[in-house]
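Okay, here's what each chain looks like letter by letter:
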Amino acid sequence: MISPALLTVARCPECRIALAPQPPGAVCPTCRRVFDGSRGYLDLRPIEAFAEQTKYLDKSLHVDARHETVAPPLLGSKIRNDQLRAFLELAPGDRVVDLGCGSGRAMIWNRDTGASFTGVDISAFFASESLDQCDLLLGDLRRLPLADAAFNKVWSLDVLEHLSPQALRDMLAEANRVLADGGAMFVYTHVRKNGPLALGVRLVNRLADLLHRLGLLDLGTERLRKSDHLNPIADHDDLRRVAAAAGFEVERITYYTPIIGAFVENILTRMAEQFMARRSRTAGTGGADAGAAVRAARKDAKTRLRKRGLIYWATRAATGLMYLDVWLWGRFSSGPFFARLRKLPRTTP
Ligand SMILES: [Zn+2]
């Protein structure tokens, strides 16, 4: 949606000044550029083509329709969302921006906190719930079309690893700029340097590869999803340096080595998907090709999850098991992590 509040914080991506409302969108009073809003979000992408584009723009990643509706948070996404809530302590009155919001599902999951949300992404693969309930805009994370200090909390999930070192610096500096003094940013990403525990994840993934080759599960989409990782952060010292350069201090960090998580998500879930896709193809409901069958199976699974039936509770139980990854080795430094960055007061020269 495009609320009056969004129009007060939105800025022209070129001139960086406030926009004038012009239903269904807005117009820049200086360069006179008109920003479309007819689709339920404001298109504030800069005119110039980006030198750097992520494969998330790729339609092939979205053919399975997983972005179209929001299912309840489960498995890894439940763990990430619980950490987000614990780290950011969302409360009524909070003004939050989701940088790289994707479908916008994390905003939907946290609507019950009473905070207000603005989602920013470079491509418009928004879920219908997000279009109805959250402010949304298209924009470049390295040059946010948003006012200074307009928010008190920011989060960015599974985004930083897709950026180059320069884009990461620009993005963090922009996140800092749109935060008010005392504001906080929550990130979930990973560094290149892994700890010894990563061996556990590697072994599980090797097993997943083997099962993929045997045709017992399909890792195609997951591979595509990770194929454009640039992994700009070397290690956790590098994280502290990069954060400091953008005006943040790393206030709190929990490491996340998903050994059980990899087993549940990359093996059990993929096998269940494959099984359901086969079944719907046999029943003639999934269409002729394998992609359509997987799409149908995933839609079917989402409907079942929403009905809170057996599949929902089985997945909830698997999610509980995955929590062991946080409880058992959350203190041991490894690649992936959750962190809270605090905006430092500006030092006057
Ligand atoms: Zn302008």
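Here goes a summary of the coordinates provided. (Residues numbered from 1 in each chain as written. Predicted model: local features only at pLDDT ≥ 70, side-chain atom pairs only at ≥ 80, totals over all residues.)

Some details on the sheet that holds strand β3 (residues 34-35)
Quick note on the threshold: Any two strands are treated as partners once DSSP identifies two or more bridges connecting them. In DSSP terms, a helix is any run of H or I states spanning at least four residues, a strand is any run of E spanning at least two, and both are numbered starting from the N terminus.
Taken in spatial order, the three strands make up an open sheet running β1-β2-β3, and their pairing is antiparallel. Two strands close off the open sheet at either side, each with one partner strand: β1 (20-22) and β3.

Things to note about unusual backbone geometry
Note the cis peptide between P23 and P24, where omega equals 5 degrees. Examined against the element boundaries, P24 turns out to sit in the loop between β1 and β2 (25-27). Of note, the phi angle at L75 is positive, near 55 degrees, even though the residue is not glycine. Within the secondary structure layout, L75 lies in helix α2 (residues 75-88). Backbone geometry places D158, a non-glycine residue, at a positive phi of 55 degrees.

Focus on the environment of A167
Keep this limit in mind: Exposed residues have 12 or fewer other C-beta atoms within 10 Å of their own C-beta, buried residues have 20 or more, and partly exposed residues fall in between, where C-beta atoms are placed from the backbone.
Within the secondary structure, A167 sits in helix α5 (residues 165-178). The buried category is assigned to A167, around which 20 C-beta atoms lie within 10 Å. As a C-alpha pair, A167 and L141 span 26 residues in sequence and 8.5 Å in three-dimensional space.

A word on the packing of α5 against helix α8 (residues 236-245)
The packing of two helices is summarised by the inter-axis angle and the distance between the axes. The line we're drawing: Simply put, an axis is a line fit to the C-alpha atoms, just over the touching stretch for a helix, and the angle between two N-to-C directions goes from 0 to 180 degrees. Any angle from 65 to 115 degrees is called roughly perpendicular, while one under 35 is roughly parallel, one over 145 is roughly antiparallel, and all others are oblique. Working rule for handedness: look at the near helix, and if it is turned counterclockwise from the far one by less than a right angle, call the crossing left-handed; if clockwise, right-handed. Note on contacts: residues are paired as contacts if their backbone-placed C-beta atoms lie within 7 Å. Under the grouping applied here, Gly and all other residues not named as nonpolar or charged are polar, the nonpolar ones being Ala, Val, Leu, Ile, Met, Phe, Trp, Tyr, Cys and Pro and the charged ones Asp, Glu, Lys and Arg.
As a packed pair, α5 and α8 sit with axes 8 Å apart at the nearest point and diverge in direction by 50 degrees. The angle between the axes of α5 and α8 places the two elements in the oblique class. Between α5 and α8 lies a crossing of right-handed hand. Here L168, R169 and L172 of α5 come into contact with α8, specifically with V242, A243 and A245. Of the residues in the contact of α5 with α8, the class split is five nonpolar, no polar and one charged.

Topic: the sheet that holds strand β10 (residues 248-255)
Strand order in the open sheet formed by eight strands is β4-β7-β6-β5-β8-β9-β11-β10, and the pairing between neighbours is mixed. Looking at strand neighbours, the two that pair on one side only are β4 (42-43) and β10, the edges of this open sheet. Two strands pair when backbone bridges link them, and strand β8 (residues 151-157) and strand β9 (residues 179-190) are joined in this way by six bridges, in the parallel orientation. Counted as the bridge partner of V154 is M185 from β9. Along the sheet, α2 contacts β8, β9, β10 and β11 (336-343); its crossing angle with β9, the most-contacted strand, is approximately 155 degrees. Its contacts with the sheet place α8 against β10 and β11, and it is angled at close to 145 degrees to β10.

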